[in-house]
Each structure stands twice: as structure tokens, then as C-alpha cells.
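Structural overview
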Amino acid sequence: MNTIPQWTLSLATAAVEEVAEKGKLFDFDATLPLMAIQFVILVGVLNILFYKPLGKVLDDRDEYIRGGLGNAKARLAEAEELTKKYEAELATTRREAQAVIAAAKAEAQKIAAGQLAETQQAAQVQREQAQQEIDKQKQSAFTALEPQVEALSRQILTKLLGAELVK
């Protein structure tokens, strides 16, 4: 069952014995402070070359966005104020327009009523004149027809009663 060759086991055992002989897992010699110095230098270089410019770009961007937001809020407030002002002016203008329309309607009704009264009065005058004219013509017709009526009445009486009775 054991498929691991014998020679690999002997190499692994030799490596473990070698580490065990030293008695420690890490060597704390001059390389540790050197690695720490390299790390600090790397952090300093990255800070100078990468983090500070990137931080400055981010700060500038943040400042630009905050300025844009502040400007946008100011413009929004100004737009809202202008909207309220224009809505108030529009309401005032609508009221004035409605007042003008109402006045124009009243004036038109007054003019129409006056013209209607004048027309009715003129029609009444014409009617009275026509009635007077009819009465005159009727009177003149009666006057003109009265002798004829008298003559016709005598003829009828003469024919009915005879000439001796009618004088």
C-alpha cells in the first residue's frame, strides 16, 4: 500500500534532521533589519510617488464634487425661488386677465342691452307710425267709401222695398 519510494522518505528525513539540528525555524541575523529598512524605504517611496499624488487627486476630486454640489444646491434654491416668483406673477396675471375678461363681458352686455333697448324702441316707434298710417288709410278709406256705401245702401233698399218707400 505504501507507494512512496524509499529514497524520497530518506530525503525528507534528512531535511527534518537538518532543521532540527539548528534548533530554530527562523534565523534572526542581519537580514531582518535590512528587510525592515527596505520595507520602510519602499513605503516612503510609494508614499511620495503614489499615495500622495493619488491622495491629492482624490482630495481635489472630492473638493470639486463638493463645490459642484454646493453650486448645484445654490442654483436649485435660486431656481425654486424664481419658480415661486413666476408662479406668483402668473397667478396675479391670471387674476388680472379674469378681471379684464369679466369687465369686457359686463361692458359687452351693457352695450348689447343698450342696443337691444334702442332697437326695441325704434321698432315700437315704427309700429306706432305704421299703426297711425293704417288708421289714416282706414279713415280715408272710410271717408272715400262712405258715399259709395250710402249709394249701395239706397240701391239695396230700393230693390227690396221699392222706389216708392225709399226717399
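Since the model is a prediction, treat every value here as computed from it, not as a measurement.

Before going further, it helps to spend a moment on the overall build of the chain. Helix and strand counts for the chain come out as 2 helices and 0 strands. Looking at the chain residue by residue over its 167 residues, the buried ones come to 1%. Accessible surface computed for the chain: about 15,600 Å², of which carbon and sulfur atoms make up 63%.

Turning next to the pattern of salt bridges. The full count for this structure, using the stated rule, is 2 salt bridges. Between K56 and D60 there is a salt bridge, with the nearest N and O atoms lying 3.1 Å from each other. Of the two residues, K56 and D60 are both situated in helix 2 (residues 31-161); the distance of 4 residues between them amounts to about one turn of the helix. One salt bridge connects D62 with R66, and the closest N-O pair in it is separated by 3.0 Å. Here the residue D62 and the residue R66 both occupy positions in helix 2, the gap between them amounting to 4 residues, near one helical turn. Residue classification places R66 among the exposed residues on the basis of a relative accessible area of 57%.

The subject of this paragraph is helix 2. Helix geometry: helix 2 is bent most strongly at N47, by close to 50°. Looking at the residues trailing helix 2, positive phi occurs at G162, about 105°.

To continue, consider a nonpolar patch on the surface. Taken together, I37, I41, L42, V45, L46, I48, L49, F50, Y51, L54 and L58 make up a surface patch of nonpolar side chains, about 1,100 Å² in accessible area. For L49, the position within the fold is in helix 2.

Let us now look at the packing of aromatic side chains. Across all of its chains, the model carries 1 aromatic pair by this definition. Ring plane angle 65° and centroid distance 5.3 Å describe the contact between F50 and Y51, whose orientation is recorded as edge-to-face.

Conventions we followed
- Each chain has its residues counted from 1, following the order in which its sequence is written.
- This being a predicted model, a pLDDT of at least 70 is required before a residue's local features are given, and a value of 80 or more before pairs of side-chain atoms are given or counted; all residues contribute to the totals for chains, interfaces and linings.
- Only heavy atoms go into the side-chain values, all of them from the structure, while hydrogens and water stay out.
- Helix and strand definitions follow DSSP, with helices as H or I runs of at least four residues and strands as E runs of at least two, each counted in order from the N terminus.
- Exposure classes here rest on a 1.4 Å probe applied to the protein chains alone. A residue is buried below 20% of its type maximum, exposed above 50%, and partly exposed in between.
- In these tables, accessible area is a Shrake-Rupley quantity obtained with a 1.4 Å probe, and a residue counts as shielded only by the protein chains included in the view.
- What makes a salt bridge here is a side-chain nitrogen of Lys or Arg within 4 Å of a carboxyl oxygen of Asp or Glu, nothing more.
- Two axes enter the definition of the bend at a residue: one is fitted to the seven residues ending there, the other to the seven starting there, and the bend is the angle between them.
- Each patch is built from residues that are more than 30% exposed by relative accessible area and take part in no salt bridge. Like charges join if they lie within 9 Å; nonpolar side chains (Val, Leu, Ile, Met, Phe, Trp, Tyr) join within 5 Å.
- For Phe, Tyr and Trp, where Trp contributes only its six-membered ring, two rings pair if their centres lie within 6.5 Å, and the inter-plane angle classes them as stacked under 30 degrees, edge-to-face over 60, or tilted in between.

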